[in-house]
Amino acid sequence: MRTTRTRVRTFAGASLLVAAAMLATACQNSDDASGQSGDSSSSAKAEAGAGAGAGKDTASGSSTAGNSDSGSNGKSSGTKGDGSGADVGNGEKAAVGQECGANDISWSTRSETQAGGYILIIAKAKPGITCVLPAALPTVAFGSDGTEAGPAEQAVGPAVTLGKGTTAYAGVNPKTTNENGGKELNSIIVAIGAKDPNPVSLPVDTITVDKPIVTNWHTDAADAVPFDGGTDQ
């Protein structure tokens, strides 16, 4: 009888051990499966995230490239027709040369007898220079007191571009009064406007100066005769 009970107890204990071992194995397998599932899920999420990031970068790069192209095209379009120059119509501009300074010019003078006698100023651009005499009266002064010549014409003439063989002329009448007197000089001072930093002194025959006048710049010497009274006669 004792032997039978002992066997029953031994069998029951062995059964409990087997059941415990099977339960432990089942729990371990469940944990492994759960871990593998979590790892797989994390891996899938990581791959999905990487794919989404890659897609975002590509789209951004494409957008940037598009904007760059658009900007470049916009810039080209915006700069078309820009630049300095004179408007000649159809959105086009013609190049305009720099304004002449007195030191850009080769100067000479000549005494003339027409209109009671006057001085013809002759202006040519120096070699390699192209410049513009502005549509303004030449600045011509006399003596240390800076007496300036007034206008011999009623209106200011057009600008004159010097260079490529073009010569400009201006006529100076040093004395427009009939009274005796005036100051005697043998040079005149010429500048391109009152702000020219490099006026030049040009030698002339001895002249008497009293209320002098000067013409505009002309490309024909015959047009540069300084008639008295500010009129072309």
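Just above, that's the structure.
Definitions and limits used
Residues numbered from 1 in each chain as written. Predicted model: local features only at pLDDT ≥ 70, side-chain atom pairs only at ≥ 80, totals over all residues. Heavy atoms only, no water. Pairing = 2+ DSSP bridges. Helix = DSSP H or I, 4+ residues; strand = E, 2+ residues; numbered from the N terminus. Buried < 20%, exposed > 50% of the residue type's maximum accessible area, 1.4 Å probe, protein only. Lys, Arg positive; Asp, Glu negative; His and termini not counted. Salt bridge = Lys/Arg side-chain N within 4 Å of Asp/Glu carboxyl O. Contact = heavy atoms within 4.5 Å. Core = buried A, V, L, I, M, F, W, Y, C linked by side-chain atoms within 4.5 Å. Polar contact = N/O pair within 3.5 Å; in protein donor to acceptor, adjacent residues only side chain to side chain.

(A) Layout of the sheet that holds strand S3 (residues 98-99). With mixed pairing, the three strands of this open sheet are ordered in space as S3-S6-S10. In the strand order of this sheet, the two ends are held by S3 and strand S10 (160-162), each with one partner.

(B) The side chain of Asp196, seen in detail. Relative to the elements of secondary structure, Asp196 occurs in the loop between strand S12 (183-191) and strand S13 (200-209). Summary of buried charges: Asp196 has no salt-bridge partner, and the nearest side chain of opposite charge, Lys126, is 11 Å away. Setting aside anything within four residues of it in sequence, one finds Asp196 in contact with Gly101, Ala102 and Ala191.

(C) Broad picture of the nonpolar core. With 29 residues, the main nonpolar core has Trp107, Ile121, Leu133, Phe142, Leu162, Ile188 and Trp217 as its most contacted residues. Ranked by residue count, the leading element in this core is S13, at five residues. Ignoring any residue separated from it by four or fewer positions in sequence, one finds Leu133 in contact with Cys100, Ile105, Ala159, Val160, Leu162, Ala168, Ile192 and Trp217. Counting six residues, the second largest nonpolar core, distinct from the first, contains Tyr118, Ile122, Tyr169 and Ala224.

(D) Main features of the sheet that holds S13. Strand order in the open sheet made by the four strands is S8-S7-S12-S13, with antiparallel pairing throughout. Sheet topology places strand S8 (147-148) and S13 at the edges, where each strand pairs with a single neighbour. Taken together, the seven bridges between S12 and S13 define a ladder with antiparallel strand orientation. Along S13, the bridge assignment pairs Ile188 with Leu202.

(E) Layout of the side chain of Asp104. Tracing the sequence through the fold places Asp104 in the loop between S3 and strand S4 (105-112). Buried charge without a salt bridge: Asp104, with Lys126 as the nearest opposite-charge side chain at an N-O distance of 6.7 Å. In this structure the side chain of Asp104 is engaged in a polar contact, spanning 2.8 Å, whose partner is the backbone nitrogen of Gly101. Beyond its immediate chain neighbours, meaning those up to four positions away, Asp104 contacts Gln98, Glu99, Lys124, Ala125, Lys126, Ile129 and Cys131.

(F) Highlighting the environment of Glu153. Mapping Glu153 onto the fold places it in the loop between strand S9 (150-151) and S10. For Glu153, a relative accessible area of 11% gives the class buried. In the structure, Glu153 is positioned 60 residues away from Ile213 in sequence and 9.0 Å away in space, judged by C-alpha atoms. Engagement of the side chain of Glu153 in a polar contact is seen with the backbone nitrogen of Asn216, the distance being 2.7 Å. At a separation of 3.0 Å, a polar atom in the side chain of Glu153 contacts the side chain of His218.

(G) Structural view of the pattern of salt bridges. Applying the stated rule across the entire model yields two salt bridges. As a salt-bridge pair, Glu112 and Arg110 come within 2.7 Å of each other at their nearest N and O atoms. Take Glu112: its relative accessible area is 24%, and that puts it in the partly exposed class. Residue classification places Arg110 among the partly exposed residues on the basis of a relative accessible area of 40%. A salt bridge links Asp145 to Lys183; the nearest nitrogen and oxygen atoms lie 2.3 Å apart. Note that Asp145 is positioned in the loop between strand S7 (139-142) and S8 and Lys183 in strand S12, a separation of 38 residues in sequence. Relative accessible area serves as the criterion here: at 24%, Lys183 is assigned to the partly exposed category.

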